[in-house]
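Chains, contacts and geometry: an overview
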Amino acid sequence: MLEWLGTIIQGVLLGGLYALFAAGLSLIFGIMRLVNLAHGDLIVLAAFAILSLATWLGFDPFLATLLAMPAMFAAGFALQHVLLNRALGRDLLPPLLVTFGLSIIIQNGLLEAFTADSRRLRLGAIETASIELGGNLAIGVMPLLTLGSAIAVVLLLNLLFYRTALGRAFRATSDDLEIAQLMGIDHHRIYSIAMGIAMVVATIAALYLGIRANFDPTIGPARLIYAFEAVIIGGLGSLWGTLAGGVIIGLAQTVGAKLNPEWQILAGHIAFLVVVVLRPRGLFPRAED
Amino acid sequence: MRPPILETRGLTAHYGDFQALYGIDTVIAPGETIAIIGANGAGKSSYLKAITGLIRAKPDSVRFEDKPIGALGAANILKLGIAMVPEGRRLFSSLTVEENLLIGSYGRDVVGIWSLDSIYGLFPALKERRAAPSHTLSGGEQQMTAIGRALMSNPRVLLCDEISLGLAPIVIRNIYDAMPRIKQSGTSMILVEQDIAQAMKVADRVYCFQEGRVSLSGRPKELTREQVHLAYFGH
Amino acid sequence: MTNGDVNQLIELAQYRIETKTRASAILALGGVALVLIFAVLPVFAGRGLIQDLIFVFYMLALAQCWNLLAGYAGLDSVGQQAFVGLGGYLLFALTIGAGIDPIAAVVLSGLIAAVFAVPTAFVVFRLRGPYFAIGSWVVAEVYRLVFAQFKQLGGGTGTSLPPSATNEIFGIEWVKAMFEVRSPAARDIITYWIALALAAGAPLLVYLVLRSRYGLALSAIRDSEATAESAGVDSFRTKLGVYVLVAAATGMIGALIYLQKARISPDAAFSVLDWSAYVIFIVVIGGVGTIEGPIIGVIVFYALQRYLADFGTWYLILLGALAISIMLFARKGIWGYVAQRYRVALFPVRRMLVRPHA
């Protein structure tokens, strides 16, 4: 029984990581309906940025992440401004192909710059530290921090969305692009800001990714599908929904792995399909489509 | 004669291969209220869309304070001080009433007569529902919110596209009762209306559109019913 | 009814609906000639060229299928690799397990894949737009993970096609004698002909579907599903029909691919990169929603692969840059751009109202 409790806790904690991956994606998809196939690779890019800063400046990864965040914001803003704003429109395919091209370029660019060697972000003892819960149950400190960060990110983003003028502009643009323009909202600028924020969130995700496991330039796409699943299960425009989605995927994977290690990923996908067949628009869709 | 605040010269509009307007000439003096009437498909909405930048037009075919604005995009037009109450209300569905009003001043935040307080004064019913999600409102309340949203930008020119559409007569009357207050604030207005009677009551001048062309213009008092009928229907 | 009205009616009755253009008639003949030339190519061509062409043919066939699905039916699927892999595994199962002749197995794989497509459709059709794209990808992943469980077919590492399964392929003796080659080369030649048949058949199939009333329904659905339904189109059944048809074709192509490769593994057979990303690249670069587009696209893709693949990461960066540039500057693809500028159509599917010559 206790074993199962441990499994569930592990699942929820894993969900925190997936939610972090998915949060940036949810933001972009919710506001501009962009399916960003390069999102996973952008997270990996951020991880390498953190690694570089940490190595060159001798900082620990947390500090390096803080430094990387404004840089990644600028990179996201520029990317949207120069490239992605031009690709967006009514068609689904052009942005799909552009972000696919971007994904290839980032992966191979990183390969050229950093080689295919596996990397890790080092934090020291805290990496493997855990909190005893009694009765053989222990929670890793890092996974707990990851979930905590995911919740904090969602809280902050919701604060932005619901308590600021910019957030209102985000929601209005997402609801009705044409009328938002009529209200004087420069939607291209809004999109660029949104992408910048998404990159900041991706940087946070990159920190926890890099501490938890080895990374190399090619692992981006593998995580991407879990992020998409979390966003879709959660529902359009709901960040809490994305968090819930991440937790559901994480739980499904962990429970599946407990039954049979080979079933881990399959279990996650089955959970996604079940939710999506029962609720095609996700669990907590905020807006009409 | 004061120079017009807004005028269109030979305004044409196309949707792909389909031409909706064939050279519209209109003039609005500062503080005037103009009504545009006409049957469905006459081009009234296209006219407003061309002015607000939702449809592309030649730069010189729309002039605001004697400057060509025809080619500007919608966001820039709003910043100049031309605001629209769109057909069908089109409130932002995930925003509350108050948030819908507030977004009105996001693109153009100038000090003026219109603020949250004065709009709630204009439409007291909205104050009670300020925190309600906009999709829970009645048609009349939605229309008031849409008008308030446009007013929040303290526009020089207010465009209203079919604000009586789908509303009960008493609700329409309620809304039109607010028009004098808006006029008083010095805002020029263009009202596109199906409800001819209501439009003629508040307007200083009327244009009638028929199949993309101006078929009649003049002061409401000077136009006979037969003239209007002919201009509206074409026969 | 006035005299004028009657005259108008008479004039209307003389209008015809036509899809032929002069260019298309010429090209129809040219196309047949081209197929014949390709058919006799093994007489002159070396094994290397034959194998290259097999690749070109099956990529073209896959591209035409995806184009029908996405470009015409509006079903932007990122999960067609499910049917490629399914077809491949079915081929292996039928030839190794049931000893069926490989050529028959290719056809059978397609038919069985169509059966799988029905329940799959019921799941993915619950979703729209980008959700449908991701959902179809997830479904393909499920296929991959499930097949990785089957130890009989090699599990996660896969398995090979033993020569015994394909040595008895129908016609191999005739080919060996005719071309004076041994079994492996003869197998390649037969595989080549199957690939040619699929590559020629796919565009033809798409063309026939689009010219039929079915195709008209598809265009209507793609443009506006709600409007189409109000006009009496049963959009679910129409989309289901296309989805199943394309799944059958894709299954056959998958069977052919793995007949040629003779080695299969879940990661390769259900690869989203090889059987979706590159296929979508080919279609969109060439011009989505046109039959000519994928032909252009596959030529570009093949040329890039053949001559630049040695450059490793830089080749891929170039590929990515090309995808981005074309989407930014020629959104309708190379053929779309050409067709618009020069008003050509080799495979005319638009219905034109033709006025009677006065």
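Residues numbered from 1 in each chain as written. Chains lettered and ligands numbered in written order. Predicted model: local features only at pLDDT ≥ 70, side-chain atom pairs only at ≥ 80, totals over all residues.

1. A short note on the overall build of chain C
- Tallying secondary structure elements over chain C gives 17 helices and four strands in all.
- The C-alpha atoms of chain C give a radius of gyration of 22 Å, which matches the 21 Å a tight globule of 358 residues would have.
- Taking the principal axes of its C-alpha atoms as reference, chain C extends roughly 80 × 45 × 45 Å.
- Expressed as a percentage of contacts within chain C between residues at least 6 apart in sequence, the contacts between residues at least 24 apart total 77%. (Helix = DSSP H or I, 4+ residues; strand = E, 2+ residues; numbered from the N terminus. Rg over C-alpha atoms; globule rule 2.2 N^0.38 Å. Contact = placed C-beta atoms within 7 Å.)

2. Section: the interface of chain A and chain B
- Contacts between the two partners involve 18 residues from chain A and, on the opposite side, 21 residues from chain B.
- Taken together, the elements giving at least two residues each to the side of chain A that touches chain B come down to helix H6 (165-175) and helix H7 (177-182) of chain A.
- In terms of residue count, H6(A) provides more of the side of chain A that touches chain B than any other element does, six residues in total.
- Classifying every residue of the side of chain A that touches chain B by side-chain character gives eight nonpolar, two polar and eight charged. (Nonpolar A, V, L, I, M, F, W, Y, C, P; charged D, E, K, R; others polar.)

3. What to know about the confidence of the model for chain B
- When pLDDT is averaged across chain B, the result is 91; 100% of the residues are at 70 or more.
- When pLDDT is averaged over each helix and strand of chain B, the minimum, 83, is found for helix H10 (residues 225-233) of chain B and the maximum, 96, for helix H3 (residues 97-104) of chain B. (pLDDT = per-residue confidence, 0-100.)

4. Some thoughts on the interface of chain C and chain A
- Each side of the interface is counted separately: chain C has 32 residues, and chain A has 31 residues.
- Of all the secondary-structure elements, those providing two or more residues to the side of chain C that touches chain A are helix H6 (129-147), helix H14 (272-286) and helix H16 (313-329) of chain C.
- For the side of chain C that touches chain A, the leading source of residues is H6(C), giving eleven residues.
- Classifying every residue of the side of chain C that touches chain A by side-chain character gives 23 nonpolar, five polar and four charged.

5. Here's the deal with the sheet that holds strand S1 (residues 6-15) of chain B
Residues and elements named next belong to chain B.
- In spatial order, the strands read S2-S1-S4-S5; together these four strands make up an open sheet with antiparallel pairing. Single-partner strands in this sheet number two, and they are strand S2 (18-28) and strand S5 (67-68).
- Two strands pair when backbone bridges link them, and strand S4 (residues 62-64) and S5 are joined in this way by two bridges, in the antiparallel orientation. Across the sheet, Phe64 pairs through a bridge with Lys67, a residue of S5.
- Most of the contacts of helix H1 (residues 44-52) go to S2, to which it runs at about 70°, and overall it touches S1, S2 and S4. (Pairing = 2+ DSSP bridges. Axes fitted to C-alpha atoms, helices over the stretch in contact; angles between N-to-C directions.)

6. Details of the pairing of strand S2 (residues 137-140) of chain A
Residues and elements named next belong to chain A.
- As judged from the four bridges shared by strand S1 (residues 130-134) and S2, these two strands associate in the antiparallel manner. Note that in S2 the partner of Ile131 across the bridge is Ile139.
- Connecting the antiparallel pair S1 and S2 is a turn made up of two residues, with Gly135 showing a positive phi of about 60°.

7. Some words on unusual backbone geometry
All names here are of chain B.
- In this model, Asp66 sits at a positive phi of 65°, which is unusual for a non-glycine residue.
- Relative to the elements of secondary structure, Asp66 occurs in the loop between S4 and S5.
- If you check the backbone angles, Glu162 has positive phi at about 55° while not being a glycine.
- Along the polypeptide, Glu162 turns up in the loop between strand S7 (157-161) and helix H7 (169-176).

8. What about the environment of Leu36(C)?
- Here Leu36(C) shows up in helix H2 (residues 22-40).
- Between the C-alpha atom of Leu36(C) and that of Leu196(C), which follows or precedes it by 160 residues, the distance is 10.0 Å.

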